[in-house]
Amino acid sequence: MHPRNPRWLSIGLFVLMGCNASVGSPYDDLRTCTAEDGTLDAEELSMFEGCQRLEGSIVLSDGFPERTNFSSIIVIAGNVGGGGYSGDPLSLEGLDSLEVVEGSLAFVEDNLVDYTGVPNLRSVGGLSARGVPELRDFRGLENLTEVGGTLTITRNPKVESLEGLERLQHVRGDVLIGDNPLLPPEDVETLLRRVTVDGEVNVW
């Protein structure tokens, strides 16, 4: 039996130490709640006191008159959207602690007035505003720095500025911006000069 080579032993210890030194995600140990059918409903939310990570999506048109338990949610693993609702204005009110939406923050022909209600949101898997009739700008997203997928801003008749997206740094998918008649082209140009886009850019 040959003795161990001290040189190889020291290299092995170095590798092991390097692995052990790795730092986990700050979101690893969050208290997790799971929406039974993949989409949160008001009754489930009432039982999710202290929930920090929601495994599921939120469709705001499903109605959440009591939003107290929204306040502890830091990560939403699914999507957040409006659901095509055209009645009372939709609101993101109550999601003050939300930092990450792993899916998309997407509003398509929804009665969303603004993005206030998510002051700590910094990362989304996708960001979409398509055919949102009352939306004027993106105030409320001032801390958003990354879109993990596609950024889409299309067919919004009242969008007049990209205010609120000043801290956006990186779009890892495509950028699609068009059919926003009140949006100045220079606002779009300023955004594109500043933001790193990994995918394709299509502006019309």
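Residues numbered from 1 in each chain as written. Predicted model: local features only at pLDDT ≥ 70, side-chain atom pairs only at ≥ 80, totals over all residues. Heavy atoms only, no water.

Q: Got a sec to walk through the pattern of salt bridges? Specific residues and values, please.
A: Where charged atoms of side chains with opposite charge meet at close range, the side chains can pair. Following the criterion strictly, the structure yields six salt bridges and no others. The shortest N-O distance in the salt bridge between E102 and R53 comes to 3.0 Å. Within this pair, whereas E102 is found in strand β5 (residues 100-108), its partner R53 is found in strand β2 (residues 53-59), the two being separated by 49 residues in sequence. You can call E102 partly exposed: its relative accessible area is 42%. A salt bridge links E134 to K158, with the nearest nitrogen and oxygen atoms 2.9 Å apart. With E134 in the loop between β6 (123-130) and β7 (146-147) and K158 in the loop between β8 (151-154) and β9 (170-171), the pair connects residues that are 24 residues apart, well separated along the chain. By relative accessible area, which is 32% here, E134 ends up partly exposed. Since its relative accessible area comes to 27%, K158 is described here as partly exposed. What you see here is one network of salt bridges that share partners, running through R53, E55 and E102. (Salt bridge = Lys/Arg side-chain N within 4 Å of Asp/Glu carboxyl O. Helix = DSSP H or I, 4+ residues; strand = E, 2+ residues; numbered from the N terminus. Buried < 20%, exposed > 50% of the residue type's maximum accessible area, 1.4 Å probe, protein only.)

Q: Go over unusual backbone geometry, please, and point to the residues and values.
A: With phi around 55°, E109 is a residue other than glycine that occupies positive phi space. For E109, the location among the structural elements is in the loop between β5 and β6. The backbone of R155 sits at a positive phi, close to 55°, despite the residue not being glycine. Secondary-structure assignment places R155 in the loop between β8 and β9. Residue classification places R155 among the partly exposed positions, given a relative accessible area of 38%.

Q: Run through the environment of R122, naming residues and quoting values.
A: As for its position among the elements, R122 is in the loop between β5 and β6. Given the relative accessible area of 35%, R122 is considered partly exposed. Not counting residues up to four positions away in its chain, the partners in contact with R122 are Y27, E99, V100, N143, L144, T145 and E146. Engagement of the side chain of R122 in a polar contact is seen with the side chain of Y27, the distance being 3.1 Å. (Contact = heavy atoms within 4.5 Å. Polar contact = N/O pair within 3.5 Å; in protein donor to acceptor, adjacent residues only side chain to side chain.)

Q: Can you lay out the pairing of β8 for me, pointing to particular residues and giving the numbers?
A: Residues L151 and I153 point to one face of β8 and T152 and T154 to the other, with burial holding for every one of them. Here β6 pairs with β8 via four bridges, running parallel. Within the sheet, the bridge partner assigned to R130 lies in β8 and is T154. Bridging between β8 and strand β10 (residues 175-178) involves four bridges; their strand directions are parallel. Bridge pairing links I153 to I177 in β10. (Pairing = 2+ DSSP bridges.)

Q: How would you explain the pairing of β10 if you had to name every residue and give the values?
A: Relative to strand β12 (residues 201-203), β10 is paired through three bridges, and the arrangement is parallel. Its bridge partner being in β12, I177 is matched across the sheet by V203.

Q: Outline the packing of aromatic side chains, listing residues and values.
A: Applying the stated criterion to the full structure yields three aromatic pairs. With 5.4 Å between their ring centres and 50° between their planes, F64 and F70 make a pair best called tilted. We classify F64 as buried; its relative accessible area is 5%. An angle of 75° between the planes, with centres 6.0 Å apart, marks the rings of F107 and Y115 as edge-to-face. Residues F107 and Y115 agree in their burial class; the two are buried. (Phe/Tyr/Trp six-rings, centres within 6.5 Å; stacked < 30°, edge-to-face > 60°.)

Remember that the coordinates give geometry; whether it matters functionally is a separate question.
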